[in-house]
Structures are given as C-alpha cells and as structure tokens.
Amino acid sequence: MARKRTQGTSPAGGRGALRATVRAWSRQGIALKLVGSFLHANKVGGFDCPGCAFPDKAGHPLVDSCEQGQKAIAWEMTRKAVGADFFDGRTPAQLQAMGDFDLEFQGRLTTPVLYEASVGAYRAIGWDEAYAIAARELRALPPTSVAFYASGRSSNEAAFLWQLAARGYGSPNLPDSSNFCHEPSHYALKQSIGVGKGTCTLDDFERAELFLVVGQNPASNHPRMMAALYEAKQRGATILAINPLRERGFTHFSDPKNLGELASGRGIAVADAIYQVAIGGDFAALKGVMKALLEMERAAPRSVFDHDFIAQHTEGFDALIADLDACDWEVLVDRSGLQEAQMREIAAHYARAKATMITWCMGLTHHPDAVATIQQVVNLLLLRGNIGRPGTGAMPVRGHSNVQGDRTMGATSQVSDKYLDNIEATFPGLALCRDAGRDAAAVVDGLFDGSVRALLSLGGNFGVAAPDSPRVLAALERCRFTLHVATKLNRTHCHPGEIGLLLPTLGRTDRDLRPGGEQCISTEDSSSTVRASRGVQAPISELQRSEPAIVAELAQAIGAAPSVPWGEFADDYASIRDRIERCQRGVNVGFDGFNERLMRDGRFMLPNAAAHRQWNTANGKARFMAHALREDTPVRLARRTHGDAALTLMTMRAHDQFNTTVYSSDDRYRGVEGDRRVVFLNADDLARRGLRDGDRVDIECLVDDGHVRRVEAFTARAWDIPPGCCAAYYPEASSLIASSVYAAGAHTPLYKEMPVKVTRAVARTPG
Ligand SMILES: Nc1nc2c(c(=O)[nH]1)N[C@H]1C(S)=C(S)[C@@H](COP(=O)(O)OP(=O)(O)OC[C@H]3O[C@@H](n4cnc5c(=O)[nH]c(N)nc54)[C@H](O)[C@@H]3O)O[C@H]1N2
Ligand SMILES: Nc1nc2c(c(=O)[nH]1)N[C@H]1C(S)=C(S)[C@@H](COP(=O)(O)OP(=O)(O)OC[C@H]3O[C@@H](n4cnc5c(=O)[nH]c(N)nc54)[C@H](O)[C@@H]3O)O[C@H]1N2
Ligand SMILES: [Mo]
C-alpha cells in the first residue's frame, strides 16, 4: 500500500542521502570502518564506480558522497553468497516465484550452474563442464541464430573479447543495452555532428552560464551531476529543467558535503525554472524555443545567432529557418504542453547566455521521435555556436558505467568496415561475417518467431529490460540455449532455455588475480575519459572468474577464431589492451599507447572531434536537421480511436533502484513508501475518470497490434504532472510496453510514450 501521498519537502541529497548510504552498507553485512578504507583506496588506482557513467574528478575520492554510487558498490560487495546448495534441484518455477528483490538479495553468484529441460532443475557444475556444454550447443546451432547481448556494466577488455568471440564464432548479432537506452542519441549526434558521443567534459560544467537539463532526473540517477549543477548554481549559472515532473532534486537539493545545509535540513532550488512539457512534447518545445529566437533575431539582426559560426561550420540553416517559419505557434503550444510565453522565456535565457550546455537522458530517448528531438537539441546549440567552446556542448548523460566503452569496443551490432578490417589484420586467418547484425529489437522479434535460438549475455537482465517483458521471458524458455555471465541472480536467469548456463563473475570491486598478476580493467565514461579500475576486495568465492577470463575461456572452448591468443588474454589483460590499440587505429582515435598511459596516469581522454569543431560528416560540416512533427505516433493514433481516454504513460526509475535491480519498495524523493505499483496522474484526469487519490486501478496498453497488455491493481496517485500524462515505475509497469513500435531510426522501445487507458480496478475474487 502506498502510504504517503504528499510530494514532501525534505531535500534531495542531504541527511537522507547519508542515512541511506549507511543503511546500504550495513544491510550487506559490511562493517562501516572498512568502507572508509575502500573509498580511500579509490583515490589512486581504485575501482571505477559501477553506478552511473557520469565523469568523476581526477584525484577525488571515488563516488565522493554519492548515495547512489555507494548503494551500487555495497550491493556488489555484499558478503552474502548464493552457493551450490541454493540451486541444487531448484526448478525455474520455484525461482520464478521469488520476487526480483529476493532474487538479487540472495547475494553473489559463486558457482556455475546448469539447467537441462530433461532434468527440470538447476544443478551446480564445474567450469570445464560448463564450457564443454556451451561448445556443444553453439557448434550445433547456425551462428546467425545466436545473439550475444552486452549490458553496460562490464569493462573495455571484456567487451572487446565479447564481440571478438561472437564475431569469431560467426555471429554478427550483438544487441546491447544501449539499444534500449541512448541509441537515439548516438544516431542523432552522428548524423548531426559526426560523432555519436557527447562533446562535454567536467570542465564545461565549471564554465557554462546556462544549463538546459532535459528529460533527466539527475538527483536519483546521476547524483554526481547534481553536485556539479549545485556548484554551477553557487557560482551564478542558470539551470533550467525541461521535464513533465518537478523532480525533487531540482526543487530542493542539499549537498551532503555542505555542513550548514546538512545541519539545517534544508536545501536550495537548484533549477531556476522547471518547464513541465507534456510527455513527448520536447520536439515541439525545442522548435518553439528556436522560433522565438528567430523572431528575436529578426527584430534585432545579428543579436542572437552566431552567423560566423553558422557560415563556417554548418549546413542546412536555411531549411531549418523555413521549417521554423512553417510552424504555427498554436500547434507548438498544443504539442509541447508549454505556453508560448514559456518557450519565449527559455529562448530569452538562451539568447543571453554566452555559454550553454544541454544535457539529456531517457526523457528524450524513449520516444518515437527521439532522433528528431535530439537533433533539435543540436540545432539549438548550433544556432549560437554552442559546441566546441568552453562551457558549451551536447551531453547525453550515459546510463551504465561502461556503456559508452562497450560501444567503443564494438560490442554492438553495427560497427564500421574499417574496424572489422583491423580485427582481421590483427588476428590472421580470421574472416568475419559482414552481415548487419541484429540489434535488441531484432533479437526480440527473433525470439518471438523462433529465428533466434540462443541468447548469451554478458551481464544485464534482458528479459526484464526488454519491451513486452512477459512474452520475451516466455520466448527465452523456448530457446535451445541460454547462457548468462552475471554477478547476481535475476529474473531472466529464471527462464532458461532447454539448456541453460549461469556463470558467476567477479565484479568491478573484486580483486582480480590472474597468472599474469593482479589485473586492472578500463572503462569509458560520458565525457570519453578512459580510466583504469582495480578491485579492492578479495572475491567471496574462489570459483568466481573474471569476465575477460570467462569470455576468453568460452571462446577457446567453442573454437572461435583459433588465431586469437585466448589463453594469453585470459592471463594478462595488458595483452588485450595491446590488441584493442591495434584494432582502434583509424576507428576511434586516442588509443595510442593505451597500456602505457593507463598505467602511468590511471586515465586519459579520447579526443572528440566535434568538441574541436571538426565535423566528421559527409561534407565536413555540422548539420542542422529540420524535421516535421509526426502525426502517426502510437499515442496520437490511440487518441484518434479512444479520445481523451488515452493517456501517455512513461515508465521511470525510483530513487531506490538501479535499472531492474530494485533496492527497496520506496521512492524517498516522490514520497512513495512500501509499494512501487503506483501510477501518478494529474488530479483532473483522475476526477474525469471518477477516481480519487489512493484508488486501485488497472492499466491497459492501447497499441493495437493484437496483443493484450494489462497490469492490475495499481494505486493511483494525484500528482503534479501535465494533463493527459501518467507515470509508473520500471520494471513494474514494463509489461505495458509494446515491442511492435519503436523510435524511428534507432529502434529504441517507447518506454516513455505508451498510450494507455487507466480504469478503476475490477474487483476480483482472490485465487
Ligand atoms: N541510481 C541509479 N542510477 C542510474 C540508473 C538507475 O536505475 N539508478 N540507471 C542508469 C541508466 S542505464 C540510465 S539510462 C540513466 C537513466 O536516467 P534518467 O533518464 O534520469 O532516468 P528515468 O527515471 O528513466 O528518467 C527519466 C526522466 O525523464 C523524464 N521524462 C519522461 N518523459 C519525458 C519527456 O517526454 N520529456 C522530458 N523532457 N522528460 C521526460 C521523467 O520525468 C524523469 O525525470 O541512469 C543511470 N543511472
Ligand atoms: N520499462 C522500461 N524498461 C527499460 C527502461 C525504462 O526506462 N523503462 N530503461 C532501459 C534502459 S535505459 C536500460 S540501460 C536497460 C537496462 O537493461 P540491462 O542492462 O539488461 O539491465 P540491468 O538491470 O542493468 O542488469 C542488472 C543485472 O546485471 C548483472 N550485473 C551487474 N553487475 C554486473 C557485472 O559487473 N558483470 C556482469 N556480468 N553482470 C553484472 C546482475 O546480474 C544484475 O541482475 O533497461 C531498459 N528497460
Ligand atoms: Mo540506460
């Protein structure tokens, strides 16, 4: 039961964050005096926080006072273990009956286990037997029916080996968690400015005058960014949030390091204003802001646009202006959910600021028009030359701690021919499959139609993270073979194929001793900084193996790419970095002297061409991309059929979770306690349905593709959210997300723009 109904006033961060941190560690049975020494050890050569991908400051203690980073670390460093006795004889049905929290809370996986449909239960096995079974299964399947999924938690070294193993085996199918996440950002930026990554560094945070924070909840998901915004605010920068929700971190934030604020228990409003767009309204809102700028520029020529920059560096300006002229304010107001005056106000702030950064996250990417919307972000920046100067730039704030690095390493279905050429040149005799591989969306389709017969995953929780999660989980059981390399048990593991392997791995925080000595791995954050990461805690079990070792041993067992020195790779990761350096030549610049620089400095930055105003596009210019508003999005189609009964649903994260890992049933920042099955609606929308705050409701997806998607008995909450919109938590509401509709161009699921109907719960007899 969701007890608390107020949005509350205690600040984000502050004392609550300190209390939560202490609780996180003690719940995992880790003595607090040890914690201090771990975090201290992180100053030099420690581990990269397995939390988010926001950059950290060189020389600062790792994760500073970041509550969320500490939760992620404590969750991994737990001394609780899942051993052979836990599994032996357990059926998938018994495991499925456990809650998501209970599955992960059992502790770290410590032994390889095998499921065979003919036996019907899991049992512990040895590593050699596990590899032999994997080899037998993979050799019997056509490689193109096998998919290799990577979540963004691993390391550059493991990700490089993962894609090498897949490609060496003959499968081009490398779906990755990025397909569910920042894929549209990558796609949009690549087209617009020639690099698919953000252009900002932490230095820019220290120099920007204006920040537009769009579709992002940094207090919960990137608290280190919150600290950077807080500091910017203290030095007089303006911070504007564009978000359907008035997220707590924007309205009240207290830096846990600020003792005065800590003592008073009060926070400051970090955002100068919050513009509550309708869900999916950003595209129109950004157009409105640009239209207002255009009008200002016409009223006072050369006062707003940076014409020199536009002339020298860009193309497509005239088409953009024509597009803005063709837009009608009434339509922009209707589609954005903002008033004209609000869009003009944002424009006025933007025209005044000498240096502007725009950051965004899933509030922009999980939408049908994600690519077009992100390209409006770039258009807006280009109009005033806000890329490639200090304090400016485009910053997609990445999700997982190494999701950007996984991509750089090619653990994804689309890589350049040059990269494949380099791999073939580095490992003689290797002939790689050049077919376009399946991304996550295509893997989901392949699971449904039976063309994907095996899923291997390096971390993650594919069956829960994917759209149409219940159907994906059921389809995984119909696979011939599933294999998961994981730190902890999760729901996807409870749905093995006919043959299923679960392999326990070391995590970022674990010391990694190999025959070549104690190993370090590397990661890449949202600012393209590559850093070394070394574990600090002795592994909880001698049976766990590192990700690079598991992938290398697996590849060797299946006979993938015999010219690859898998054994050498497993023993000493410096030899992997050596080959990464070779394979990256002419692909991603900046890896020269990889090992040497990593060992000497602990970190280095990959150069970002766009940040230096070099545009790696077809004609060497940054491109303004004009797009029309779309009429055929699933929500607009549903409104045509269902009228106002159709609401737009976003699925979002609570403060106490990391993606599918849910730490508790509370969301401290939204005043939710004890029950995550809630749906937040505008009070008028509730009233119109004859509902009141606290009522039980059922929610049904209105995508008309022949499948019924429903969740039942959620608690409705009256909330400050634009009319026509509603919000629920991921993954509780994930079964409402249709896999038949995607973001145009990027194939990202519409996790934040599903048409739904909310009705009073039908009373059912229990049982
Ligand atoms: N502690 C913690 N840290 C995390 C994660 C975690 O789960 N827990 N997950 C990691 C990962 S993989 C990712 S991708 C990131 C996710 O970080 P976020 O993107 O911040 O996470 P979500 O909760 O999905 O948040 C979406 C935000 O977008 C807003 N939003 C929804 N729809 C729209 C829209 O149409 N327009 C606008 N302008 N805003 C909208 C929501 O109100 C919400 O504030 O965080 C990473 N860091
Ligand atoms: N409805 C809805 N669905 C969504 C989203 C949403 O907003 N709404 N967000 C999407 C987004 S942005 C993302 S990125 C995806 C995330 O999708 P995934 O990346 O697939 O999911 P995670 O929850 O991050 O994976 C957690 C699991 O990873 C394993 N793990 C943790 N650390 C390690 C490690 O170091 N090594 C290995 N091998 N395994 C490890 C553990 O077993 C843990 O249970 O979900 C997507 N799904
Ligand atoms: Mo993500």
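Residues numbered from 1 in each chain as written. Chains lettered and ligands numbered in written order. Predicted model: local features only at pLDDT ≥ 70, side-chain atom pairs only at ≥ 80, totals over all residues. Heavy atoms only, no water.

- By the naming in an unreviewed UniProt entry, the protein goes by FdhF/YdeP family oxidoreductase and is assigned to Noviluteimonas lactosilytica.

1. A few points about the sheet that holds strand β21 (residues 603-605)
Here's step 1: Taken together, 3 strands build an open sheet; the order of strands is β19-β20-β21 and the sheet is antiparallel. What marks the edges here is a single partner per strand, and that holds for β19 (521-524) and β21. Neighbour-to-neighbour, the strand axes of the sheet open up by a mean angle of 20°, direction not taken into account.
Here's step 2: As paired strands, β19 and strand β20 (residues 529-533) are joined by 4 bridges and run antiparallel to one another. Residue pairing across strands places E524 opposite V530, the latter belonging to β20.
Here's step 3: Of the strands in this sheet, β19 and β20 touch helix α8 (residues 156-169), which is tilted by about 90° from β19. (Pairing = 2+ DSSP bridges. Helix = DSSP H or I, 4+ residues; strand = E, 2+ residues; numbered from the N terminus. Axes fitted to C-alpha atoms, helices over the stretch in contact; angles between N-to-C directions. Contact = heavy atoms within 4.5 Å.)

2. Considering the pairing of strand β16 (residues 499-504)
Along any regular strand, the residues point their side chains to alternate faces of the sheet.
Here's step 1: Across the 6 residues of β16, 6 count as buried, placing the element largely inside the fold.
Here's step 2: Along β16, one buried face is formed by I499, L501 and L503 and the opposite face, lined by G500, L502 and P504, is buried too.
Here's step 3: Judged from the 4 bridges that link them, strand β4 (residues 113-116) and β16 form a sheet pairing that is antiparallel. Residue pairing across strands places L114 opposite L501, the latter belonging to β16.
Here's step 4: Bridge count for strand β15 (residues 481-486) against β16 is 6 bridges, and the pairing is parallel. Within β16, the position partnered with F481 by the bridge is I499. (Buried < 20%, exposed > 50% of the residue type's maximum accessible area, 1.4 Å probe, protein only.)

3. Describing the packing of aromatic side chains
Here's step 1: Across all of its chains, the model carries 27 aromatic pairs by this definition.
Here's step 2: Both rings, one in W75 and one in F101, keep their centres 6.0 Å apart while their planes meet at 50°; by these two values the pair is tilted. Taken as a pair, W75 in helix α3 (residues 67-77) and F101 in helix α6 (residues 100-105) lie far apart in primary sequence, 26 residues in all.
Here's step 3: For the ring pair Y115 and Y122, a centre distance of 5.7 Å and an interplane angle of 55° mean the geometry is tilted. In this pair, the class of Y115 matches that of Y122, namely buried.
Here's step 4: An aromatic cluster of at least three residues, connected via ring pairs, comprises W75, F101, F105 and Y663.
Here's step 5: We note K80 situated over the ring of F105; from NZ or CZ to the ring centre the distance is 3.7 Å.
Here's step 6: Positioned above the aromatic ring of Y350, the side-chain terminus of R384 is 5.9 Å from the ring centre. (Phe/Tyr/Trp six-rings, centres within 6.5 Å; stacked < 30°, edge-to-face > 60°. Lys NZ or Arg CZ within 6 Å of the ring centre and 35° of its normal.)

4. What about the site of ligand 1?
Here's step 1: Neighbouring ligand 1 are 32 residues; N243, E247, G280, D282 and N659 lie closest to it.
Here's step 2: The contact in question runs from a nitrogen atom of ligand 1 to an N or O atom on the side chain of D282, over 2.6 Å.
Here's step 3: K752 is positioned such that a nitrogen or oxygen atom in its side chain is 2.8 Å from an oxygen atom of ligand 1.
Here's step 4: For ligand 1, the protein covers 99% of the area, taking 910 Å² as the surface of the free molecule.
Here's step 5: For the shell around ligand 1, the elements supplying multiple residues, two or more each, are α11 (218-221), α20 (362-365), β23 (647-652) and β24 (657-658). (Near = heavy atom within 4 Å. Polar contact = N/O pair within 3.5 Å; in protein donor to acceptor, adjacent residues only side chain to side chain. Areas by Shrake-Rupley, 256 points an atom, 1.4 Å probe, with all protein chains shown as cover.)

5. Some words on the site of ligand 2
Here's step 1: Around ligand 2 there are 29 residues in total, and E104, Y149, S151, E547 and T660 lie nearest to it.
Here's step 2: E104 places a side-chain nitrogen or oxygen 2.6 Å from an oxygen atom of ligand 2.
Here's step 3: Within the side chain of R153, a nitrogen or oxygen atom sits 2.8 Å from a nitrogen atom of ligand 2.
Here's step 4: Taken together, the residues of the shell around ligand 2 break down into 9 nonpolar, 14 polar and 6 charged. (Nonpolar A, V, L, I, M, F, W, Y, C, P; charged D, E, K, R; others polar.)

6. Considerations on a positive patch on the surface
Here's step 1: There is a patch of like positive charges on the surface, built from R15, R19, R23 and R27.
Here's step 2: By the secondary structure assignment, R27 is in helix α1 (residues 14-27).
Here's step 3: By relative accessible area, which is 35% here, R27 ends up partly exposed. (Patch = residues over 30% accessible without salt bridge, like charges linked within 9 Å, V, L, I, M, F, W, Y side chains within 5 Å. Salt bridge = Lys/Arg side-chain N within 4 Å of Asp/Glu carboxyl O. Lys, Arg positive; Asp, Glu negative; His and termini not counted. Charge placed at Lys NZ, Arg CZ, Asp CG, Glu CD.)

7. Observations concerning the pattern of salt bridges
Two side chains with opposite charge may pair up if their charged atoms get near one another.
Here's step 1: Applying the stated rule across the entire model yields 51 salt bridges.
Here's step 2: R709 is paired through a salt bridge with D468; the nearest N and O atoms lie 2.6 Å apart. A residue pair is termed long-range when its members are at least 10 positions apart, and R709 in the loop between β27 (696-701) and β28 (710-718) and D468 in the loop between α25 (462-465) and α26 (469-478) qualify at 241 residues.
Here's step 3: D468 sits in the buried class, given a relative accessible area of 2%.
Here's step 4: A salt bridge links R688 to D685; its shortest N-O distance comes to 3.0 Å. Note that R688 and D685 are positioned in helix α32 (residues 683-688) at a spacing of 3 residues, about one turn of the helix.

8. Some words on helix α17 (residues 317-326)
Here's step 1: Every buried residue belonging to α17 is among F317, L320, I321, D323 and L324, and all of these are buried. Looking down the long axis of α17, one finds its buried residues gathered within 160° of arc, a one-sided arrangement. For α17, the exposed residues set more than 90 degrees away from the buried face come down to D318 and A326.
Here's step 2: Packing partners of the buried residues in α17 comprise α15 (282-299), α16 (307-313), β11 (314-315) and α21 (370-383). (Arc of directions from axis to C-beta.)

9. Regarding the domain arrangement of the protein
How large an interface is tends to be reported as the accessible area lost when its parts come together.
Here's step 1: We note that the domain assignment places domain 1 (12-77), domain 2 (81-178 + 402-506 + 542-595), domain 3 (183-400) and domain 4 (634-760) within the protein.
Here's step 2: Taken together, the contact pairs 18 residues of domain 1 with 28 residues of domain 3.
Here's step 3: Across the contact surface, domain 1 and domain 3 share 0 salt bridges.
Here's step 4: For the pair domain 1 and domain 3, the interface holds 3 residue pairs in polar contact (both at pLDDT 80 or more).
Here's step 5: Secondary-structure elements contributing two or more residues to the side of domain 1 that touches domain 3 are β1 (12-13) and α1.
Here's step 6: Among the elements that make up the side of domain 1 that touches domain 3, the one with the highest residue count is α1 (4 residues).
Here's step 7: Across the side of domain 1 that touches domain 3, the residue classes break down as 9 nonpolar, 5 polar and 4 charged. (Domains from an automatic or database assignment.)

10. Thoughts on the nonpolar core
Here's step 1: Within the largest apolar cluster, 66 residues are counted, with the highest numbers of intra-cluster contacts made by F160, L456, F481, L501 and W566.
Here's step 2: At 9 residues, α8 tops the list of elements feeding residues into this core.
Here's step 3: Not counting residues within four places of it along the chain, the set of residues in contact with L501 comprises V113, L114, I125, A130, I133, A134, F481, T482, L483 and H484.
Here's step 4: If you look at the next biggest cluster of nonpolar residues, it comprises 59 residues, including F317, L324, I374 and A622. (Core = buried A, V, L, I, M, F, W, Y, C linked by side-chain atoms within 4.5 Å.)

11. Comments concerning helix α27 (residues 547-558)
Here's step 1: The end-to-end C-alpha distance of α27, which contains 12 residues, comes to 17 Å, matching closely the 16 Å that a straight helix rising 1.5 Å per residue would cover.
Here's step 2: Two or three places before A549, at the opening of α27, S546 has a side-chain oxygen 3.1 Å from that residue's backbone nitrogen.
Here's step 3: Residue G559 follows α27 closely and has a positive phi angle near 75°. (Expected span 1.5 Å × (residues − 1).)

12. A closer look at the UniProt feature "domain: Molybdopterin dinucleotide-binding" (unreviewed entry) in the protein
Here's step 1: The feature "domain: Molybdopterin dinucleotide-binding" (unreviewed entry), as given by UniProt, occupies residues 647-735 in the numbering adopted here.
Here's step 2: Note that residues 647-735 is 7% helix and 38% strand, and that its end C-alpha atoms are spaced 16 Å apart. (UniProt positions renumbered as here; feature names shortened; annotations may be inferred.)

13. A word on unusual backbone geometry
Here's step 1: Note the cis peptide between Y730 and P731, where omega equals 5°.
Here's step 2: Here P731 lies in the loop between β29 (725-729) and β30 (754-760).
Here's step 3: Phi at R613 is positive, roughly 60°, even though this residue is not glycine.
Here's step 4: Along the polypeptide, R613 turns up in the loop between β21 and β22 (622-623).
Here's step 5: A relative accessible area of 22% places R613 in the partly exposed class.
Here's step 6: Although it is not a glycine, H747 sits at a positive phi angle of roughly 60°.
Here's step 7: In this structure, H747 sits in the loop between β29 and β30.

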